[in-house]
Amino acid sequence: NTYRIAVIPGDGIGPEVVAEGLRVLRAVGGADAGFSLELEELPWGSAYYDRHGRMMPGDAIPTLRTFDSIYFGAVGRPDLPDDLTVWGLILPMRRELDLYVNLRPVRLYPGVPTPLRPEVGEPHFTFVRENTEGEYAGLGGRQGQGEYELAVQTGVFTRRGIQRVVEYAFSLAAPGSLVTSVTKSNALRHAFPLWDEVAAEVAARHPDVRFEKMHVDAVAYQLVKNPARFGVLVGSNLFGDILTDLGAGLQGSLGLAASANLCPGQRLALFEPVHGSAPDIAGQGKANPLGAVACAALMLAHLGEREAAGRIERAMEDVTRQQVFTPDLGGSCSTHEVGDALLAALERE
Ligand code: NAI
Ligand code: MG
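In this text, all values refer to a predicted model and were calculated from it rather than measured experimentally.

**Side note on the overall build of the protein**
For step 1, the next point in the chain: Per the secondary structure count, the protein includes twelve helices and twelve strands.
For step 2, the next point in the chain: Here the C-alpha radius of gyration of the protein, 20 Å, is about what a compact globule of 349 residues would show, namely 20 Å.
For step 3, the next point in the chain: Taking the principal axes of the C-alpha coordinates as reference, the protein spans close to 55 × 50 × 40 Å.
For step 4, the next point in the chain: In the protein, which comprises 349 residues, the proportion classed as buried is 45%.
For step 5, the next point in the chain: At a minimum sequence separation of 6, the contacts of the protein that also span at least 24 residues come to 75%.

Shown next, in the form of structure tokens:
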């Protein structure tokens, strides 16, 4: 099998962490692995905008559809508004490719210092974030001036949109395990009662899986106090965005967190670290590449190359156990040195 991968390094630390992810991908792919990768770099992002006045070419979406997968870094540059950069690259890719699931596994890596006390147990859960509608639908506007200026931001929640994402969350849950639906139906009294209703209908079709609904504020609390209680969580775009950064905090660093943007049943999916372009550390070799590397493993698993994905996961564990850490984890290694350690760990296997 040969897989064609669109590589979009993007802005800031995006290219720095993607470079290490590509080294790892090249090391695990190849003739003796039983598959090969064609990695094609697409120079889209803020530098592309400087030259062309847009973040990606007009035929970007049909171009992406010709690939088996997309490997993305991050987008955003301090001198350009996010409304132009984020809304010009990552959000349209998610939406126009209908990648309605944003999947974020949260687990601890050996040797990584976490803010959790050992007695609360280890987090090992998967967050399923709705990725195409909800609070990030982009509807609303600003009106008036001065003291009377106001802004309205409208969320869009469709029965179909809720149903399919909750259904996917249940598909991940093993019999007897727990699915938690995250809403705020007491305060947001239109969208989330609909969400609760649809989630309960989906849950009724999966009697072998345990189900609960919980308000987002309570979930935030429980994630810190009792993270081991969760299995699969499913929530809206905004709640998922916030809670998965909390999850990254539990893991010990945003730099470790990985995500998949996917449309269940479809091969084409987009894999990206959870973090952004981190302009505060860009260009200094300080970025933690492990989130991007974990994305490479998620991507291979999604393509059906589970053995290669497992090799990457084991190499990551090897490296964290030896505490080959960038500064975000309290170490003094560079991005590239972590990549070197990963390649050495893969060699040793
Ligand atoms: P950020 O995730 O870029 O950075 C937050 C903090 O975490 C910073 O202190 C940064 O140094 C640190 N950090 C992030 N990734 C790290 C890594 N791999 N290793 C070590 N430290 C790391 O979030 P921020 O600062 O809110 O946003 C910066 C830009 O990125 C903005 O333009 C934002 O819109 C964009 N962004 C893009 C995303 C994407 O491409 N999907 C996601 C989130 C933000
Ligand atoms: Mg985020």
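So that's the structure; there's more coming.
**Comments concerning the sheet that holds strand S5 (residues 124–130)**
For step 1, the next point in the chain: Read across the open sheet, the ten strands follow the order S2-S1-S3-S12-S11-S4-S5-S10-S8-S9; overall the sheet is mixed. Among the strands making up the open sheet, the edge pair consists of strand S2 (36–41) and strand S9 (210–215). Going across the sheet, the axis of each strand differs from the next one's by a mean of 25 degrees, ignoring polarity.
For step 2, the next point in the chain: Direction of pairing for strand S4 (residues 101–107) relative to strand S11 (residues 258–262): antiparallel, over a ladder of three bridges. In the strand pairing of S11, valine 101 is matched with leucine 262.
For step 3, the next point in the chain: Across the face of the sheet, helix H1 (residues 14–28) comes into contact with strand S1 (2–10), S2, strand S3 (69–74) and strand S12 (270–273) while running at roughly 140 degrees to S3.

**Side note on the pairing of strand S10 (residues 232–235)**
For step 1, the next point in the chain: Neither face of S10 is exposed, since Val232 and Val234 on one face and Leu233 and Gly235 on the opposite face are all buried.
For step 2, the next point in the chain: Sheet analysis places S5 next to S10, joined by four bridges and oriented parallel. Residue pairing across strands places valine 128 opposite valine 234, the latter belonging to S10.
For step 3, the next point in the chain: The pairing of strand S8 (residues 178–183) with S10 spans four bridges and is parallel. Bridge pairing links valine 182 to glycine 235 in S10.

**Section: the packing of helix H10 (residues 290–302) against helix H11 (residues 306–321)**
For step 1, the next point in the chain: One can describe the packing of H10 onto H11 by two numbers: an axis separation of 7 Å at closest approach and a directional angle of 160 degrees. Judged by the inter-axis angle, H10 sits roughly antiparallel to H11. Of the two possible hands of crossing, H10 and H11 adopt the one that is left-handed. For the pair H10 and H11, contact is made by Leu290, Val293, Ala294, Ala296, Ala297, Leu300 and Ala301 and by Arg306, Ala308, Ala309, Ile312, Glu313 and Met316, respectively.
For step 2, the next point in the chain: Tallied by class, the residues present in the contact of H10 with H11 amount to eleven nonpolar, no polar and two charged.

**Notes on the domain arrangement of the protein**
For step 1, the next point in the chain: You can read the domains of the protein as domain 1 (1–99 + 257–349) and domain 2 (114–251).
For step 2, the next point in the chain: The centre of domain 1, based on its C-alpha atoms, is set 25 Å off from the matching centre of domain 2.
For step 3, the next point in the chain: Across the contact, eight residues belong to domain 1 and eight residues belong to domain 2.
For step 4, the next point in the chain: Residue composition of the side of domain 1 that touches domain 2, grouped by class: four nonpolar, one polar and three charged.

**A closer look at the site of ligand 1**
For step 1, the next point in the chain: Within the structure, ligand 1 sits among 23 residues, and Gly76, Gly255, His275, Gly276 and Asn288 are positioned closest to it.
For step 2, the next point in the chain: Among the residues forming the shell around ligand 1, the class breakdown is eleven nonpolar, eight polar and four charged.

**Some details on the UniProt feature "domain: Isopropylmalate dehydrogenase-like" (unreviewed entry) in the protein**
For step 1, the next point in the chain: Under the local residue numbering, the UniProt record ascribes the feature "domain: Isopropylmalate dehydrogenase-like" (unreviewed entry) to residues 4–342.
For step 2, the next point in the chain: Annotated as residues 4–342, this span is 38% helix and 22% strand, and its ends, taken at the C-alpha atoms, are 23 Å apart.

**Considerations on the pairing of S1**
Residues in a regular strand project their side chains so that they alternate between the two faces of the sheet.
For step 1, the next point in the chain: For S1, the buried fraction is high: seven of the nine residues fall into the buried class.
For step 2, the next point in the chain: For S1 and S2, the ladder comprises six bridges, and the chain directions are parallel. Bridging across to S2, threonine 2 finds its partner in serine 36.
For step 3, the next point in the chain: As paired strands, S1 and S3 are joined by five bridges and run parallel to one another.

**Quick word on helix H6 (residues 159–172)**
For step 1, the next point in the chain: Given a rise of 1.5 Å per residue, 14 residues ought to cover 20 Å, and the 20 Å separating the end C-alpha atoms of H6 matches this to within 8%.
For step 2, the next point in the chain: Buried within H6 are the following residues: Gly161, Ile162, Val165, Val166, Tyr168 and Ala169. Projected onto a plane normal to the axis of H6, the buried residues spread over an arc of 150 degrees and lie on a single side. Within H6, the exposed residues directed more than 90 degrees away from the buried face are Arg159, Arg160 and Ser171.
For step 3, the next point in the chain: Buried residues belonging to H6 abut S4, S5, S8, helix H7 (191–204) and S10.

Reading the values: the criteria
- Residues numbered from 1 in each chain as written.
- Chains lettered and ligands numbered in written order.
- Predicted model: local features only at pLDDT ≥ 70, side-chain atom pairs only at ≥ 80, totals over all residues.
- Helix = DSSP H or I, 4+ residues; strand = E, 2+ residues; numbered from the N terminus.
- Rg over C-alpha atoms; globule rule 2.2 N^0.38 Å.
- Buried ≥ 20, exposed ≤ 12 C-beta atoms within 10 Å, placed from the backbone.
- Contact = placed C-beta atoms within 7 Å.
- Pairing = 2+ DSSP bridges.
- Axes fitted to C-alpha atoms, helices over the stretch in contact; angles between N-to-C directions.
- Parallel < 35°, antiparallel > 145°, perpendicular 65-115°, else oblique.
- Left-handed = near helix turned anticlockwise from the far one by under 90°.
- Nonpolar A, V, L, I, M, F, W, Y, C, P; charged D, E, K, R; others polar.
- Domains from an automatic or database assignment.
- Near = placed C-beta within 6 Å.
- UniProt positions renumbered as here; feature names shortened; annotations may be inferred.
- Expected span 1.5 Å × (residues − 1).
- Arc of directions from axis to C-beta.

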